[in-house]
Amino acid sequence: MTVFDIINLFGLQVKAGRDQLHQAITGGYASDLLSDVIAHSQKGNIWVTIQTHPNIVAVAAMKELAGIILTGGREPDKETVHKAQEEGIPLLVSPLFTFELVGQLYEKGISGMNPC
Amino acid sequence: MERTDNNILIHKTFHIEGGNFPNAGTISDQVKKTLKEAGFPNSIIRRIAIATFEAEMNVICYAKQGELSLFITPHSLKVVVDDEGHGILDINLAMSEGYSTADEKIRELGFGAGMGLPNIKKNTDEMILTSKFKQGTHLEFVVYLDRQETHLPFE
């Protein structure tokens, strides 16, 4: 499944990174603590969070994540959109809260288990 | 550090302002760019970028100001951070995952998970941390370039 597929499946809004939507998703990680994401997310994961500040892009770029989904309809900061565009990180928004979105992603086969 | 390596190819120093959350991450970005331009492999850049990001965040969260220096030698990448700030009362406690003294504001931004120092340790080959409580903290970490094949924690 690619980032493009989940955008269509869940009606996500695309805020940045439109040219990186072909990326395959290796799994998912949900957390609002940046160091936790740094420690436990895997390359190609889709990251679900409520944090909207520019540092989420730095974390996603460092861990080579497939994209970031902001939940609860939260709007990213202007600077976050700019940085995501610059780094080529898909920045998406879902109206659903984290629990609901993660459940639906899991149902479609996106797992949080490390495949390694 | 286990090896003395005086042959410094690149040395850059960056100033970090404590409490400057809007600019957080800019130093690690610059370090990352420097290493990219120098042609280091992504696996090495990722480890240094993660450790530098965590170190930068620690200065922003817990210090008045600090300086971060990057040293590139033929055999290693070394980062040294000195700050004037809260300092650390108990280093062993600070190194244990989940322990944090972060206040509400820091936690709201998603920092202060108590995983920064353990993340630095995990991503580097050597780490030295000393501190004078209520004065400041000295941190240095090294990634050895000739060990890259055997140490890829995230692959």
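The shown structure was predicted, so the numbers you read here are calculated from the model rather than taken from an experiment. (Residues numbered from 1 in each chain as written. Chains lettered and ligands numbered in written order. Predicted model: local features only at pLDDT ≥ 70, side-chain atom pairs only at ≥ 80, totals over all residues. Heavy atoms only, no water.)

1. Things to note about the nonpolar core
Across soluble globular proteins, nonpolar side chains have a tendency to be buried as a group.
Part 1: Grouped together as the largest cluster of nonpolar side chains are 60 residues, with contacts concentrated most on B:L35, B:F53 and B:F141.
Part 2: Looking at this core, the element that brings in the most residues is helix α2 (residues 42-62) of chain B, giving 12 residues.
Part 3: Contact partners of B:F141, with chain neighbours within four places excluded, come to B:I48, B:A51, B:T52, B:A55, B:L77, B:K78, B:V79, B:I120, B:T124, B:E126 and B:M127.
Part 4: Residues A:L12, A:L92, A:L101 and A:L105 belong to the second largest nonpolar core, which totals 16 residues. (Core = buried A, V, L, I, M, F, W, Y, C linked by side-chain atoms within 4.5 Å. Buried < 20%, exposed > 50% of the residue type's maximum accessible area, 1.4 Å probe, protein only. Helix = DSSP H or I, 4+ residues; strand = E, 2+ residues; numbered from the N terminus. Contact = heavy atoms within 4.5 Å.)

2. A word on the interface of chain A and chain B
Part 1: Taken together, the contact between chain A and chain B spans 20 residues of the former and 20 residues of the latter.
Part 2: With both sides pooled, the region where chain A packs onto chain B buries about 1800 Å², and carbon together with sulfur makes up 55% of that total.
Part 3: Summed over the three residues of chain A that lose the most area to chain B, namely A:S35, A:N55 and A:M62, the buried surface amounts to 31% of that side.
Part 4: Linking chain A with chain B are two salt bridges, by the criterion used here.
Part 5: Its salt-bridge partner being B:R46, residue A:E64 comes within 2.7 Å of it at the nearest N-O pair.
Part 6: In this structure, the connection of chain A to chain B is made through eight residue pairs in polar contact (both at pLDDT 80 or more).
Part 7: Elements represented by at least two residues in the side of chain A that touches chain B include exactly α2 (34-40), α3 (55-62) and α4 (78-87) of chain A.
Part 8: Counting residues per element, the side of chain A that touches chain B draws most heavily on α2(A), at six residues. (Buried area = accessible area lost by both parts, 1.4 Å probe. Salt bridge = Lys/Arg side-chain N within 4 Å of Asp/Glu carboxyl O. Polar contact = N/O pair within 3.5 Å; in protein donor to acceptor, adjacent residues only side chain to side chain.)

All quantities given are derived from atomic positions and should not be read as evidence of function.
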